[in-house]
Every structure is written in C-alpha cells, then in structure tokens.
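Below, each chain spelled out in residue letters.
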Amino acid sequence: MSLSLLTAEFHVERDEIRCIACQVCVRQCANDVHVYDPDDDRVYSDETRCVGCHRCATLCPTRALTIRCTPQEFRANANWSPSIITSVFKQAETGGVLLTGMGCDQPYPIYFDHILLNAAQVTNPSIDPLREPMELRTFIGRKPEQVGVVQDRDNMRLETRLAPQLVLETPILFSAMSYGSISYNACLSLARAAKECGILYNTGEGGLHPTLYEYGPYTIAQVASGRFGVHRAYLETAAALEIKIGQGAKPGIGGHLPGEKVSEDVSRTRMIPQGTDALSPAPHHDIYSIEDLRQLIYALKEATNYTKPVGVKVAAVHHIAPIASGIARAGADYIAIDGLRGGTGAAPTVIRNNVGIPIEMAIAAVDERLRQEGIRNQVSLIAAGSIRSSADVVKAIALGADAVYIGTAALVAMGCHLCQKCYTGKCNWGIATQDPYLTKRLNPNIGARRLVNLLRAWSLEIKEMLGGMGINAIESLRGNRDHLRGVGLNEVELRVLGIKAAGES
Amino acid sequence: MRDGRWEIDANGMHYRALNARLREAVENGAECIVLRNVCGQRYIGANLHRPVEIHIYGTPGNDLAAFMDGPRIIVYGNAQDACGNTMNGGEVVIHGRAGDVTGYSIRGGKIFVRDDVGYRVGIHIKEYQEQRPFIVIGGTAQHFLGEYMAGGVLVVLGLTLRPGECHTATYIGTGMHGGVIYLRGKVADYQLGREVASVPLEDGDWALLRQLVQEFAAHFNRDAEEILAAPFTKLVPLSSRPYGRLYAY
C-alpha cells in the first residue's frame with residue numbers, strides 16, 4: 001500500500017505524572033488509539049486513529065488525558081482549508097464517496113442565533129409559570145374548518161368529528177432514528193422517555209423491535225422507500241405513520257445500511273436476511289408526483305382504517321413552500337420539515353454540506369404559504385434540523401411550527417459527543433453501533449432518565465419564555481412572529497422569515 | 001350474503017365506502033367475496049389479513065392488495081399500478097395486464113399476471129426467513145424489471161411476444177442484490193443492469209420453474225409443458241453487497 005498523506009486530526013495529550021497505566025482508555029477506545037506496553041508499564045497512543053469522541057478523557061480516573069485538535073497546521077490559506085485538502089487526499093487514496101455522520105457542520109448562518117424574543121413590559125403583564133397555569137400541550141393533526149358544539153341538557157359535546165390527533169405534553173418529539181443506525185439501548189431509552197414525558201419517538205425506517213411494541217402509543221412508525229419492516233402489526237401498533245420522503249442531511253438521495261450492520265436482530269426488525277445491504281431507493285417508486293403521494297397517504301389510511309394520523313417528512317429544499325402546500329392538499333395530517341443542519345447516521349459529506357436550506361427559512365416560508373392559501377389548519381408542521389435548545393423550540397414555533405423534532409439534541413443527552421463517525425459503527429458511547437461490547441455502555445434506564453431531564457428542563461424554560469411574553473399557551477405562540485426580532489439580518493432574510501428588525505415596532 | 005359468500009356491487013362507489021364494505025364482510029367471516037362493476041377503486045384488499053377469496057370483475061385501481069397478508073384476489077380484467085404494494089402474504093391472480101411497480105417491495109405471497117406489465121415491476125422485492133415472494137408474468141415487462149431486487153423469484157414468460165420477438169426491457173435487475181429472475185427466451189447483455197449476471201439453469205431451477213409455470217397454466221388455462229419447452233435465461237446478482245466499495249471511510 002502506498003504512503004497515506006493523511007495525518008492525525010487530533011492530538012492525544014497524556015499527563016505521564018497523572019497516568020497510572022490502569023488501561024481504562026485502552027479498553028474504552030474502539031478505534032484502538034491507546035495501547036498498553038507491559039514491558040514499559042506505560043500506555044502509548046496512536047493519535048492517527050483518534051476521532052475526538054472524548055470517551056477516554058471522560059472516563060480517565062486520574063484525568064490524565066486531554067484531546068486537542070492537532071496543532072499540526074497547513075500553510076494558512078483562506079481558500080484551501082485543511083478539511084478540503086485532507087478530503088482530496090482521502091479521495092485520491094480511495095476513489096470513494098466521502099461519508100460523514102451528524103448534521104452539517106459548515107459555517108452557514110444559523111438564523112436562530114439572529115432572532116431575539118420579546119417580553120411583556122408595562123403594557124401587558126408577564127405571567128409567572130411557576131404559580132400560574134401554562135399550557136404546553138400540543139395536538140398534531142388536521143384541524144377542522146370550524147367546530148360545531150351541541151348542548152345536551154347539561155353537557156356540551158362536540159358535533160364535529162375530529163381527524164385523528166397526536167397529543168404531546170410538550171411540543172417536542174424525538175426525530176426518526178432507526179434501529180440499525182442507533183443501538184437497541186438507544187431506541188429503548190427514547191421509547192421509555194417518550195412514554196414518561198407524554199410525547200412520541202420515531203422508529204426511522206428500520207422497523208420495530210418486538211420488545212418495543214409495548215411503546216406503540218408513543219411511537220411514530222416510518223414508511224420509507226425500502227419499506228423495511230413495514231407489515232401489518234407495525235402499521236397497527238404505531239400511534240401515527242410517517243412517509244419518509246427526505247431527510248435534511250441528505251435531500252434527494254437514498255440510503256445504504258451496509259451489510260455488516262445488519263445483525264441478526266437488525267435483520268429481524270428490517271425483515272431482510274442477515275448481512276445483506278439494506279438499500280433505500282432515493283425516491284419511493286410509487287411516488288413520482290403529489291397525486292402519487294396522496295395515493296400512499298390514503299393507502300396507509302385505508303390500511304389502518306382512518307384511525308391514526310399519517311404524516312410526511314421532507315427535507316427543506318428551495319421550493320419547500322409549494323411542496324408543503326401539495327403535501328397538505330394530498331391529505332397529510334402533518335408535515336415534518338427537516339432543515340439543512342438535520343442529523344444523519346451516514347450521508348455523503350458533499351450532500352450533507354451543500355444541499356438544502358436552513359429550517360428557520362423553510363418553516364417561515366411554509367407557514368406563510370399555507371396561511372395565504374387558507375389551508376394552514378389542515379396540517380400540522382413539525383420543524384426539524386438542529387433544534388439545539390428550548391430557545392430554538394420557541395423561535396421555531398413562533399416562526400410557524402406546531403412542534404419540533406429533536407434528534408441530535410437527544411443523542412447528545414445520551415452521551416453523543418458529535419465526533420461525526422456514526423457510519424463506522426464504532427461509537428464509543430454505545431449509541432451508533434451494534435457491537436455488543438459497545439452497546440452495553442448505554443444503560444437504557446440512565447439514557448431515558450437523561451432524556452426525561454432534558455425535556456423537563458426545556459419545558460420549564462419554554463414556560464418561562466412564554467410567561468415573559470405574557471402568553472399562557474403554546475398555541476398562542478404558533479406563527480406569532482411579532483414576538484420575534486432579527487439582528488444582523490438583511491432585508492431579504494427578514495422578509496423571508498417574516499420578522500421585523502430589532503428596534504422596529 | 002349466503003354461506004359465507006358475499007356480493008358487492010361497486011358501481012359508482014367511492015373506494016372508501018367499497019373498502020369499508022369489504023372490511024365489514026371479512027370481519028363477518030366472509031369466505032368468498034364477489035365485487036362487481038369495479039371501476040378504478042383503489043386499495044382493494046389493503047391490509048386484509050384473513051384467508052378469504054375476493055373475485056373482482058372490472059378494473060381495480062392502484063394499490064390493489066397493498067400491505068395484504070393472506071387473502072386470495074382474482075381479477076377478471078386488468079389491474080393498474082402498484083398492485084401488491086408491500087404485500088406480506090396471499091395471492092393475486094390477474095386475468096389481464098398489470099401496470100407499473102407491480103409487486104413493489106413484496107415480502108411474501110404470489111402474484112400471477114396473465115399478460116404484460118409496466119415499468120419497474122418486482123422492484124425491491126425481498127425475502128425474509130420462511131417468506132419468499134413469487135411474481136409470474138405471462139407477457140413481457142418494461143424497463144427496470146426487478147430493480148433493487150433483494151430476494152424472491154421473478155418469472156417473465158413472454159407469451160404475448162410474437163414469434164421471433166424478444167423482451168425489450170432494459171436495466172433488468174439493476175441494483176439487484178438477492179433473489180432470482182427467470183426470463184423465457186433470451187435477453188442481450190445490454191439489457192441487463194450492471195449488478196446481475198446470466199447463468200445456466202440447474203435442476204433445482206427447472207423444478208421451481210415447473211412448479212410456478214404449472215400454477216400459472218392452471219390459473220389461465222394454458223399448457224405448462226408447451227411453455228416450459230422454450231429456453232429460459234436465469235439472472236442472479238453478482239453480489240449481496242453491490243455498493244460495498246462505493247465509500248471512503
């Protein structure tokens with residue numbers, strides 16, 4: 001093999017005074033960075049293998065390890081950055097498509113960070129959510145044009161028949177992450193947390209493990225182009241079905257779960273033989289148009305006798321507003337829109353970093369378009385693609401979303417350090433791997449507890465922000481862009497977002 | 001309704017009403033249901049999962065037998081697109097033609113089509129444990145036959161071709177990584193996807209073909225031996241991991 005031009009991305013610093021050669025780092029690193037030499041009674045490190053996941057540094061009992069970005073520097077060049085140079089090296093050596101994991105890490109503007117929230121001062125009172133009622137409950141599904149009520153002696157009852165709805169106790173759901181891309185323990189953590197918080201998690205396109213059927217009322221089951229694991233019990237168990245058209249990290253392309261990740265258990269949920277590639281075609285070959293999408297939406301509604309919402313997940317792309325209008329008219333009960341920075345277990349780097357638009361723009365454009373067309377009530381909107389904090393949740397809802405999907409934030413809560421190597425299957429945190437030695441590192445009780453804690457904390461913060469604005473129900477925030485102001489944005493950006501600049505009344 | 005036999009006149013009925021009637025009949029223990037005057041109603045048989053025989057007179061619409069698991073559907077006419085979409089088990093017999101993406105992603109059961117089919121038929125069909133799907137087409141198929149095929153058996157008999165005429169489909173088995181395709185007659189190399197190879201038939205192949213062709217012949221009143229007398233082409237995937245070397249890690 002010829003000489004590789006690639007050098008280490010990270011620098012492993014071992015404090016030899018602190019290191020007691022206990023070999024925790026040796027055992028914890030699935031990338032074999034650390035090696036114990038019994039003759040020297042010392043641990044050495046091969047930093048070329050390091051992915052910067054911090055597993056060793058976090059677990060080192062004497063805190064002897066520090067992982068830094070390599071101090072090795074290329075000659076400064078604003079055009080040819082180190083990552084571009086090393087990508088060319090790697091492709092020249094392999095001839096392969098570069099893969100990556102997690103969401104786009106390029107420095108495109110993050111509009112959430114250019115939007116500020118309002119608060120009540122003098123002219124209306126703010127509300128103290130710790131002592132006064134504050135409603136975060138959110139209903140996902142088609143809402144009627146008008147509601148008819150009949151008076152039956154002492155009882156009022158609804159005359160209008162409502163379309164099936166999902167009830168969320170807080171306007172957050174866990175994004176689609178398949179068993180296969182993440183470990184069973186990660187799936188179980190999400191399912192348990194969803195149940196405890198009264199929200200839903202999403203199977204992704206990997207089918208549903210038999211032991212997770214008990215979480216059916218908290219499960220959204222995906223139907224993707226490969227139709228993996230889609231069968232009667234799967235359709236009937238889930239609380240809602242989601243047709244996956246696209247994903248923010250890889251709009252317009254399909255997926256290849258490599259055969260080595262199709263373990264015996266993964267093969268059972270995907271319903272394919274062990275060790276074969278699980279290929280998801282780029283399009284659904286029964287959907288070449290909005291009319292065809294309607295056909296699959298209604299196929300799923302027929303299959304489940306109109307008892308559950310059927311949503312459609314799409315990536316945020318240039319014409320997202322008319323696309324969403326079409327999806328609403330095709331009969332979807334909700335549309336999940338996944339922005340440019342949405343995560344993935346594996347995507348070609350060039351696609352992840354160059355295709356799609358930010359979720360902030362997409363959600364604002366879609367909400368505006370559906371309102372203009374008078375059909376906003378017909379469909380719920382779920383914003384996805386890097387919701388990082390409770391402030392992002394509030395801003396997304398004020399821009400027009402009904403609720404948000406969180407994927408990366410949930411993984412980070414479970415221990416993910418965003419090393420972006422999910423596709424290698426060697427996740428040292430036991431999340432994006434099927435290796436039993438690694439998966440047992442994620443205890444589903446602890447994983448679920450951390451997720452529940454995150455949702456509790458965010459929900460409290462959302463209530464504080466709502467109260468500050470003098471709003472006592474999340475519903476009153478939806479599309480309420482007057483509570484948003486932009487900083488450092490140009491006129492076009494402000495217009496697309498539908499918000500005023502800071503200082504404008 | 002009499003002795004578990006139901007008749008439904010679908011004339012002018014919306015698919016939702018028709019399928020609700022169908023579900024009601026099945027839930028009430030119907031063993032045989034006859035649908036008359038069917039005209040484009042979609043989703044007939046969707047997700048039905050009891051052993052029941054459904055006879056359809058007319059032209060059922062798209063997504064016939066979608067997600068179905070168990071029933072037997074016989075169509076006395078043509079079927080439209082996506083017949084057997086993601087079907088798990090059961091049987092569909094079509095006394096006529098079927099449209100595009102027939103048998104999309106089926107995982108089990110059998111589909112017999114007497115005449116020709118459209119584009120991308122047998123796409124992404126797969127097998128799992130004891131489930132193995134079979135699609136037998138009496139006529140010929142359009143392009144991208146058996147695309148992404150991951151398991152199961154696809155047979156194309158070419159009985160609608162005139163003497164000397166060949167199958168014209170191209171990209172046959174493109175992306176195929178499991179299962180087997182049998183075509184009666186010959187196909188040129190340029191008609192095949194990059195991921196498949198043509199290999200000689202062995203005794204086991206002939207036994208399987210004989211069984212499927214006999215079933216086909218019984219459904220449509222044809223002579224199985226006459227069909228089997230012609231040469232067949234067998235297509236298999238070159239690898240179960242066609243895209244294993246596509247990426248840089």
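Keep in mind that this is a model prediction, so the values were computed, not measured.

Let us look at the side chain of T170 of chain A. Residue and element names in this part refer to chain A. Following the sequence through the fold, T170 ends up in the loop between β10 (166-168) and β11 (172-174). The buried category is assigned to T170, whose relative accessible area is 4%. Dropping the residues within four chain positions of it, T170 is found in contact with L136, I199, L455 and S459.

A few words now on helix α1 (residues 15-27) of chain B. Taking 1.5 Å of rise per residue, 13 residues should cover 18 Å, and α1 of chain B covers 18 Å from first to last C-alpha, within 8% of that figure. Buried within α1 of chain B are the following residues: Y15, L18, N19, L22, R23, A25 and V26 of chain B. Buried residues in α1 of chain B, looked at end-on, bunch into an arc of 160 degrees, giving them a common side. Looking at the buried positions of α1 of chain B, the neighbouring elements they touch are α7 (290-303) of chain A together with β1 (5-9), β2 (32-39) and β3 (53-59) of chain B.

Glancing now at the environment of R55 of chain A. All names here are of chain A. Locating R55 in the fold gives a position in helix α2 (residues 55-59). Looking at R55, the relative accessible area reads 9%, which means it is buried. Taking the C-alpha atoms as reference points, R55 and G415, 360 residues apart in sequence, are found 9.3 Å from one another. Excluding residues that lie within four positions of it along the chain, R55 makes contacts with Q28, N428, W429 and R441.

Moving on, we get to the interface of chain A and chain B. If you look at the interface, chain A gives 46 residues, while chain B gives 41 residues. Here chain A meets chain B over a buried area of about 3800 Å², counting both sides, of which 55% is carbon and sulfur. The three residues of chain A that bury the most area against chain B are H285, Q295 and E302 of chain A, which together make up 18% of that side's buried surface. Counting the contacts that link chain A with chain B gives two salt bridges. The greatest single-element share of the side of chain A that touches chain B, amounting to eight residues, is contributed by α7 of chain A. Residues belonging to the side of chain A that touches chain B are distributed by class as follows: 21 nonpolar, 15 polar and 10 charged. Relative to strand β12 (residues 247-248) of chain B, strand β5 (residues 97-100) of chain A runs parallel, the two sharing two bridges. Across the sheet, V97 of chain A pairs through a bridge with Y247 of chain B, a residue of β12 of chain B.

Another aspect to go through is the sheet that holds strand β19 (residues 347-348) of chain A. Reading across the sheet, the three strands line up as β19(A)-β5(A)-β12(B) and stay open at both edges, with mixed pairing between neighbours. Strands at the two margins of the open sheet, each flanked by one partner only, are β19 of chain A together with β12 of chain B. In the sheet, β5 of chain A pairs with β19 of chain A via two bridges, with the strands oriented antiparallel. Residue pairing across strands places T100 of chain A opposite A347 of chain A, the latter belonging to β19 of chain A.

As a further point, take the pattern of salt bridges. Should the charged atoms of two oppositely charged side chains come close, the side chains can pair. Residues and elements named next belong to chain A. Applying the stated criterion to the full structure yields 40 salt bridges over all chains. With a closest N to O distance of 2.8 Å, D367 and R376 form a salt bridge. Each member of the pair, D367 together with R376, is buried. Note that R369 and E373 form a salt bridge whose closest N and O atoms lie 2.5 Å from each other. The class for E373 is partly exposed, based on a relative accessible area of 27%. Here the salt bridges share partners, and the residues they tie into one network are D367, R371, R376, D402, E475, R478 and R481.

Moving on to the packing of aromatic side chains. Each aromatic ring pair is characterised by the separation of its centres together with the angle its planes make. All names here are of chain B. Applying the stated rule across the entire model yields seven aromatic pairs over all chains. Between Y57 and Y76, the ring centres sit 4.5 Å apart and the planes meet at 15 degrees, which makes this aromatic pair stacked. Pair noted here: Y57 is in strand β3 and Y76 is in strand β4 (residues 69-76), with a separation of 19 residues, a long-range link. When its relative accessible area of 32% is taken as the criterion, Y57 is described as partly exposed.

The backbone phi angle of R153 of chain A is positive, close to 50 degrees, even though this residue is not glycine. Along the polypeptide, R153 of chain A turns up in the loop between β8 (149-152) and β9 (155-158). Phi at Y148 of chain B is positive, roughly 60 degrees, even though this residue is not glycine. Topologically, Y148 of chain B is positioned in the loop between β7 (134-137) and β8 (150-156). By relative accessible area, which is 15% here, Y148 of chain B ends up buried.

Right, let's get into helix α4 (residues 184-197) of chain A. Residue and element names in this part refer to chain A. Between its first and last C-alpha atoms α4 spans 20 Å; for 14 residues at 1.5 Å apiece the expected length is 20 Å, and the two agree. The buried fraction of α4 amounts to 10 of the 14 residues, a majority that puts the element mostly inside the structure. Every buried residue belonging to α4 is among N185, A186, C187, L188, S189, L190, A191, A193, A194 and C197, and all of these are buried. Against β11, β12 (201-202), α12 (408-413), α13 (436-439) and α14 (444-469) lie the buried residues of α4. Following α4 by one or two positions, G198 has its phi on the positive side, about 70 degrees.

The rules behind each value
- Residues numbered from 1 in each chain as written.
- Chains lettered and ligands numbered in written order.
- Predicted model: local features only at pLDDT ≥ 70, side-chain atom pairs only at ≥ 80, totals over all residues.
- Heavy atoms only, no water.
- Helix = DSSP H or I, 4+ residues; strand = E, 2+ residues; numbered from the N terminus.
- Buried < 20%, exposed > 50% of the residue type's maximum accessible area, 1.4 Å probe, protein only.
- Contact = heavy atoms within 4.5 Å.
- Expected span 1.5 Å × (residues − 1).
- Arc of directions from axis to C-beta.
- Buried area = accessible area lost by both parts, 1.4 Å probe.
- Salt bridge = Lys/Arg side-chain N within 4 Å of Asp/Glu carboxyl O.
- Nonpolar A, V, L, I, M, F, W, Y, C, P; charged D, E, K, R; others polar.
- Pairing = 2+ DSSP bridges.
- Phe/Tyr/Trp six-rings, centres within 6.5 Å; stacked < 30°, edge-to-face > 60°.

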